[in-house]
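Structure at a glance
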Amino acid sequence: MPLLILGLPLVVSVAVFLTKGELARLLALLGAGLTLMLTVTLWLTFNSGNTVQVLSLPWVPSAGIGFSLALDGPGVLMLLLTNLLIPFILPVACSQNVDKESTLLGLILAMQFALNGVFMAWDGFLFYVFWELALIPIYFISAIWGGENRQRVTLKFFIYTFLGSLLMLLSILTVYFFTQGADGKHSFDWVALMAANIPPHLAPWVLFGFFAAFAVKVPIFPFHTWQPDTYTIAPTAGTMLLSGIMLKMGLFGVYRWMMPIAAEGMPLYRDLFLYLAIIGVLYGAVIAIQQDDLKRLVAYSSLSHVGLIAAGLFVGNESGVQGALVQMLNHGINVVAMFYVVHWIERRTGTRSLEALGGIAAKAPQFAILFMIILLGSIAVPLTNGFVGEFLLLNGLFQYNGWLAAIAGLSIIFGAVYMLRVYQKVMYGTLKATTAHVEDAGMLDLAILVPCAALVIGFGVFPQPLLNLTADAVGKWLALVGG
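Here goes a summary of the coordinates provided. (Residues numbered from 1 in each chain as written. Predicted model: local features only at pLDDT ≥ 70, side-chain atom pairs only at ≥ 80, totals over all residues. Heavy atoms only, no water.)

**Side note on the environment of Leu44**
Structurally, the position occupied by Leu44 is in helix 2 (residues 21-45). Among the residues examined, Leu44 registers a relative accessible area of 64% and is labelled exposed. (Helix = DSSP H or I, 4+ residues; strand = E, 2+ residues; numbered from the N terminus. Buried < 20%, exposed > 50% of the residue type's maximum accessible area, 1.4 Å probe, protein only.)

See below:
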C-alpha cells in the first residue's frame with residue numbers, strides 16, 4: 001500500500017499533463033481522492049510500534065546508494081498531512097480559472113509525489129533527491145501563476161532553498177565518508193548514517209549544514225525573508241502547498257535527519273537554535289499585528305506558529321517532540337483553511353485590505369460561522385486542534401526552561417489579538433463598497449471549509465489517535481538522541 005501511495009500521484013500527474021479541461025480535473029480529483037483513501041487505510045491499520053521497511057533496492061551499489069523507503073508513526077502522520085490536504089488544494093486551483101490549468105494540476109500532483117517520497121525516504125541520497133524534486137513544481141507554480149514581481153520573488157525563494165539544500169548535501173556526504181555498511185563500504189542508508197563515527201571537530205559543521213537547509217524551509221528567523229513575499233505572490237493553491245505541507249519538510253528533516261545524525265553537536269548549539277525559533281515566534285506575531293494585507297498577515301502568523309513547533313523539536317523531550325509532530329498536522333489543516341478564507345474574501349470583494357472590508361457576517365452568516373471555527377483553531381482555543389499541540393509544545397518548553405516557555409506563550413496572546421482583530425474588521429462593522437454585495441458561501445466553499453472546520457473540532461476533542469500514532473516512535477527517537 002505505501003508504494004501505491006507514493007506512485008499513484010506520479011502516474012495521475014502524467015495523465016493530467018496529457019489531458020485538458022474537465023477530464024484533467026476529474027483525473028486529478030479522482031487520483032487525489034484515491035490516494036487519500038489509501039493513506040487513511042494505512043493510518044488505521046498501521047502498527048505504530050514498528051518501523052516498516054517498504055522497499056529496499058540497490059540503486060548505485062558501488063556508491064552505497066539505495067532506493068530505500070520505510071515508514072514509522074511520524075512518517076505515516078506526514079503522509080496523512082500531505083494526502084489529506086491535496087484534495088482541498090486541487091479544487092482551489094480549479095476555481096482560479098487560470099491558463100494551462102491541466103499543467104497546474106499536474107504540477108501539484110507531481111509535488112505530492114515528491115513530498116510523499118521525502119517522508120518515506122530511508123536513504124540520505126534518496127532523501128536529497130526527493131527534497132529537490134519537491135522544489136521544482138512549486139517554483140513553476142509561483143513563477144507562472146503568481147502575482148506582481150513573481151519572477152524576482154520566486155528567484156529569491158529558489159536561491160535560498162537551493163543554497164540550503166547544497167549545505168545539507170555537504171553534511172550528508174561528510175557523514176557518508178565516516179560510515180561503514182555490512183559489506184565494509186560506505187553507505188547512505190539511514191541506519192549507517194546514524195552509526196557513523198563523526199570526528200568531534202566536524203560534528204558542528206555537519207549540524208549547521210543540516211540546520212541551514214531546514215531553517216530556510218521552515219523558515220526559522222533570520223532565514224525567513226523569502227517567506228512573506230513568496231506566500232503573498234504565489235497563487236492560493238501554491239501558498240497552501242508551501243504553508244500547509246512544504247514547510248513541514250524542514251521540520252520533519254530536523255526530526256528524522258538532523259537531530260539523530262548530528263546528535264553530538266546538539267548539546268553545544270541547542271540553546272542557539274531555541275533562541276532563534278522563539279525570536280521567530282515573537283517576531284512573526286508582532287509583525288502580523290501590524291499588517292493590513294490579509295494574506296501577509298496569515299503568512300506572518302504561520303511564521304510565528306512554526307517557530308513554536310521548531311522550538312518543541314529542539315528541546316528534545318517527550319512533550320515537546322510529541323507536540324511538534326501533532327502540531328505539524330494541525331497547523332497544516334489550519335493554515336490551509338485560513339488561506340482559503342483569504343482567497344474567498346479576495347474573490348468576493350476584490351481586496352485583501354482590512355481597511356476596505358467590513359460587515360461580511362451580515363451578508364454571509366454560514367461563512368462567518370466556519371471562519372470563526374477555523375480562527376479558534378488557529379489561536380489554540382481548548383477543544384480545537386490547535387490547543388492540543390500548543391499545550392504539549394509549551395509544556396515541553398516549560399520542562400526545559402520556564403522563562404522560555406513564558407516568552408513563547410506570549411504568542412498565544414498575540415495570536416488572539418491579531419486574529420480577533422481580523423475577524424472584527426472583516427466580519428463586523430459597517431458594510432463597505434467592497435462588501436455590500438457579497439454572497440454567502442457556495443457549494444465549493446462549503447465543500448472545503450466544512451471538512452476543515454470538522455477536522456479542527458474533531459482532532460481537538462479526540463486527539464488520541466494522532467498521539468498513539470507517534471508515541472512509540474518518539475520514545476525510540478529520544479533514546480537515539482539522548483533526550
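**Here's the deal with helix 12 (residues 294-315)**
Three or four residues apart is the spacing at which side chains of an α-helix point the same way, because the helix has 3.6 residues per turn. Across its 22 residues, helix 12 extends 32 Å between first and last C-alpha, which sits within 8% of the 32 Å expected from 1.5 Å per residue. Buried residues dominate helix 12, accounting for 21 of its 22 residues. The N-terminus of helix 12 is capped by Asp293, whose side-chain oxygen sits 2.8 Å from the backbone nitrogen of Lys295. Where helix 12 terminates, the next one or two residues include Gly316, which has phi positive at roughly 70 degrees. (Expected span 1.5 Å × (residues − 1). Polar contact = N/O pair within 3.5 Å; in protein donor to acceptor, adjacent residues only side chain to side chain.)

**Section: the side chain of Ser142**
One can find Ser142 in helix 5 (residues 124-145). Those residues in contact with Ser142 that lie beyond four places of it in its chain are Arg150, Thr154, Ile233, Ala234 and Pro235. (Contact = heavy atoms within 4.5 Å.)

**Points about a nonpolar patch on the surface**
Where nonpolar side chains cluster on the molecular surface, the patch consists of Leu155, Ile159, Phe162, Leu163 and Leu166 and spans about 410 Å² of accessible area. Note on placement: Phe162 falls in helix 6 (residues 150-176). The class for Phe162 is partly exposed, based on a relative accessible area of 34%. (Patch = residues over 30% accessible without salt bridge, like charges linked within 9 Å, V, L, I, M, F, W, Y side chains within 5 Å. Areas by Shrake-Rupley, 256 points an atom, 1.4 Å probe, with all protein chains shown as cover. Salt bridge = Lys/Arg side-chain N within 4 Å of Asp/Glu carboxyl O.)

**Some remarks on the pairing of strand 2 (residues 65-71)**
Summarising burial for strand 2: six of the seven residues are buried, a large majority. Of the pairings in the sheet, the one linking strand 1 (residues 52-60) to strand 2 comprises seven bridges and is antiparallel in character. For Gln53, the partnering residue across the bridge sits in strand 2 and is Ala70. Between strand 1 and strand 2, which pair antiparallel and follow one another directly, the connecting turn spans four residues, one of which, Gly64, has a positive phi of 75 degrees. (Pairing = 2+ DSSP bridges.)

**Description of helix 19 (residues 464-481)**
Between its first and last C-alpha, helix 19 extends 25 Å over 18 residues, near the 26 Å set by a 1.5 Å rise per residue. At Ala471, helix 19 shows its maximal kink, close to 35 degrees. Those residues of helix 19 that fall on the buried side of the exposure criterion are Leu466, Leu467, Leu469, Thr470, Ala473, Val474, Trp477, Leu478 and Val481. (Bend = angle between axes of the 7 residues up to and from the residue.)

**What to know about the packing of aromatic side chains**
All told, the structure shown has 32 aromatic pairs when counted by the stated rule. Pairwise contacts between aromatic rings join Trp59, Phe67, Phe113, Phe125, Phe130, Tyr176, Phe177 and Phe188 into one cluster. (Phe/Tyr/Trp six-rings, centres within 6.5 Å; stacked < 30°, edge-to-face > 60°.)

**Considering the packing of helix 3 (residues 73-95) against helix 19**
The contact between helix 3 and helix 19 brings their axes to 7 Å, and the two run at 145 degrees. Contacts between helix 3 and helix 19 involve Gly73, Pro74, Val76, Leu77 and Leu80 from the first element and Leu466, Leu469, Thr470 and Ala473 from the second. Looking at the contact of helix 3 with helix 19, its residues break down into seven nonpolar, two polar and no charged. (Axes fitted to C-alpha atoms, helices over the stretch in contact; angles between N-to-C directions. Nonpolar A, V, L, I, M, F, W, Y, C, P; charged D, E, K, R; others polar.)

**Some points on the pattern of salt bridges**
Scanning all chains against the criterion turns up nine salt bridges. Arg352 serves as the salt-bridge partner of Asp293, at 2.9 Å between the closest nitrogen and oxygen. Here the residue Asp293 occupies a position in the loop between helix 11 (266-289) and helix 12, and Arg352 occupies one in the loop between helix 13 (318-349) and helix 14 (360-363), the gap between them amounting to 59 residues. Via salt bridges that share partners, Glu22, Arg25 and Glu101 belong to a single interconnected network.

**A word on the environment of Val461**
With respect to the element layout, Val461 can be found in helix 18 (residues 443-461). The exposure class of Val461 is exposed, given its relative accessible area of 52%. As a C-alpha pair, Val461 and Leu383 span 78 residues in sequence and 5.1 Å in three-dimensional space.

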